[in-house]
Amino acid sequence: MSDHVVLQVKGRVLVGPEDVRDELWVVGGRIAYERPVGARDVRTVEGWVLPGLVDAHCHVGLDAHGPVPDDVSEKQALTDRDAGTLLLRDAGSPSDTRWIDDRDDLPKIIRAGRHIARTRRYIRNYAWEIEPEDLVAYVAQEARRGDGWVKLVGDWIDREAGDLSACWPREAVQAAIAEAHRLGARVTAHCFAEESLRDLVEAGIDCVEHATGLTEETIPLFAERGVAIVPTLVNIATFPKLADGGESKFPRWSAHMRRLHERRYDTVRAAYDAGIPVFVGTDAGGSLPHGLVAAEVAELVTAGIPPLAALSATAWGARTWLGRPGLEEGAPADLVVYETDPRADVRVLAAPRLVVVNGRVIG
C-alpha cells in the first residue's frame, strides 16, 4: 500500500452511465479532471474506471454467532476493500465499528445501528429484542446512533404458527417510522414473506431488504411509494439448505422458503420492470463472507435486470441513493480500475486491476 500519490488514470472513466471521460487525476486524495500544475512523480495507469462499488446490505462486526472482535471486523472491511467495495451500508450490527471511520485505508460505512427485533423472533445475539410498546423508543435510540438509517426485523418464523409471520402491529411501525423520519433517519426492514409488506409500505418505510415476498398486489404499491429493495440474491440462494434443515420441525416454513426461492428471479425482475429502485447488497457478515458484490451484480443480471442497470445498482445509482459522491471533481478518490469495460460484461467486477481508497493506491 502506498501513501497519497499523484495518480493519472487514462482510458475510460465512467463518471456516469453515459458520462465517459478520457482521464482522471488523483491529487491530495481527491479527484480532479485537469492535470495539476507542477505535478511530478506521477503514477499512470490505464483501464476502465468506476466509483468505488457499494454493498448496500452487509454487516461489519458480526458473524453467524453475534458480535466479533475488532480484528475480525477489520478483516471483513479489508476483504470488501480489496474487492473494490468502498461504500458499505451496514444493515445492523451489535458491534461499535466507529474506529473504522478514522482509517483512511478502509471503506466508508453508513450504519443502521443495531437490528430491532421482536422478542425471541430473530437470530440470537444480533438484535435488540423488544415488544411493540418499546419500538418507538428503540427506533429513536438507533436513529441517533446510526448514520441516517434504522433497521427493523419485519418478519421471522413464528414457532407456534410454524411459518413466517409479521413481527409488528401496523400502528407500532407507523409511529416508529414517523419518529425515525422526525429524527432525519430512513428506515429499512428485513422481510422474507408476503404478510408484513403492505403495512410497512403504507406506514412510510423507505426500503425493504430481501423482499422475496413481493407479489402482483404489493409491487405496484412499492413502485407508487418509491420504496427501494435490496434483494441480496446471493443470500436467498441459501434458502433451500435452510428449508432442508427445518423440514422436520417446521414443514410449512420449509415449503414457504422453497417457494420464495423458486420465484426469486421472477420477483426481482417484476419489481425492476415496475420501476421499483433495486440496489446491490450481499448480506455479508452474518453467515456469508464479505467481498461478494461482483457475484450479486451477476445474480441481478441473471434475474433479467439489464447489465447497465445492475452496474448502476452498485455504482452511480447506489451512491446517489445513499447520498454519497461518485467520481465528481473534488470528491474523495474512492475508485476501482478494471482491464475491460464492466458495462459490456459485469463479471469483470470480480477482478479489479487497481483499488484506490481516499487517494491511497492499494496493492
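Residues numbered from 1 in each chain as written. Predicted model: local features only at pLDDT ≥ 70, side-chain atom pairs only at ≥ 80, totals over all residues. Heavy atoms only, no water.

Engineer: How would you explain the packing of aromatic side chains if you had to name every residue and give the values?
Structural biologist: Summed over the entire model, instances satisfying the criterion amount to seven aromatic pairs. Between the aromatic rings of Trp-128 and Tyr-138, the centroid separation amounts to 5.9 Å while the plane-to-plane angle is 55°, which identifies the pairing as tilted. Linking Trp-128 in strand 11 (residues 128–130) with Tyr-138 in helix 2 (residues 135–145), this pair joins segments that are 10 residues apart in sequence. A residue is classified by how much of its surface remains accessible, and Trp-128, at 25% relative accessible area, is partly exposed. The class for Tyr-138 is partly exposed, based on a relative accessible area of 24%. A centroid spacing of 4.2 Å and a plane angle of 10° characterise the contact between Phe-279 and Trp-321, whose relative ring orientation is stacked. Placement of Phe-279 in the loop between helix 9 (264–273) and helix 10 (293–302) and of Trp-321 in helix 12 (residues 316–322) is noted, with a sequence separation of 42 residues between them. Residues Phe-279 and Trp-321 agree in their burial class; the two are buried. A cation over a ring is seen here: Arg-21 above Tyr-33, with NZ or CZ 4.4 Å from the ring centre. Note that Arg-89 overlies the ring of Trp-149, its terminal NZ or CZ placed 4.6 Å from the centroid. (Phe/Tyr/Trp six-rings, centres within 6.5 Å; stacked < 30°, edge-to-face > 60°. Helix = DSSP H or I, 4+ residues; strand = E, 2+ residues; numbered from the N terminus. Buried < 20%, exposed > 50% of the residue type's maximum accessible area, 1.4 Å probe, protein only. Lys NZ or Arg CZ within 6 Å of the ring centre and 35° of its normal.)

Engineer: Explain the sheet that holds strand 9 (residues 108–111) residue by residue, including any values.
Structural biologist: Across the sheet, which stays open at both edges, the three strands sit in the order 5-8-9 with parallel pairing between neighbours. Each edge of the open sheet carries a strand with a single partner, namely strand 5 (53–58) and strand 9. Strand-to-strand twist in this sheet, taken as the mean axis angle between neighbours without regard to direction, amounts to 20°. In this sheet, strand 9 lies alongside strand 8 (residues 85–90) in parallel orientation, the contact comprising four bridges. (Pairing = 2+ DSSP bridges. Axes fitted to C-alpha atoms, helices over the stretch in contact; angles between N-to-C directions.)

Engineer: I'd like a description of empty space enclosed by the protein, backed by residues and values.
Structural biologist: Within the structure shown, the criterion is met by one cavity of 30 Å³ or more. By volume, the largest cavity amounts to about 40 Å³. If you trace the largest cavity, you find it lined by His-210, Ala-211, Thr-212, Pro-231, Leu-233, Ile-236, Arg-264, Thr-267 and Val-268. Going through the elements one at a time, helix 6 (233–236) and helix 9 are the ones with two or more residues in the lining of the largest cavity. Class assignment for the residues of the lining of the largest cavity results in five nonpolar, three polar and one charged. (1 Å grid on protein atoms, 1.4 Å probe; cavity = no way out; pocket = protein on both sides within 12 Å on 5 of 7 lines; lining within 4 Å. Points joined across faces, edges and corners; volume = space filled by probe spheres on them. Nonpolar A, V, L, I, M, F, W, Y, C, P; charged D, E, K, R; others polar.)

Engineer: Outline the layout of surface pockets, listing residues and values.
Structural biologist: Considered as a void within the structure, the largest pocket measures approximately 780 Å³ in volume. Lining the largest pocket we find 31 residues, and of these Ile-123, Trp-156, Phe-192, Leu-242 and Ser-287 sit closest to its centre. The greatest single-element share of the lining of the largest pocket, amounting to five residues, is contributed by helix 7 (residues 239–246). In terms of residue class, the lining of the largest pocket is built from 15 nonpolar, 11 polar and five charged. Here the second largest pocket defines a volume of roughly 260 Å³. Contributing to the lining of the second largest pocket are Arg-120, Arg-121, Tyr-122, Arg-124, Glu-129, Ile-157, Asp-158, Arg-159 and Glu-160. Classifying every residue of the lining of the second largest pocket by side-chain character gives two nonpolar, no polar and seven charged.

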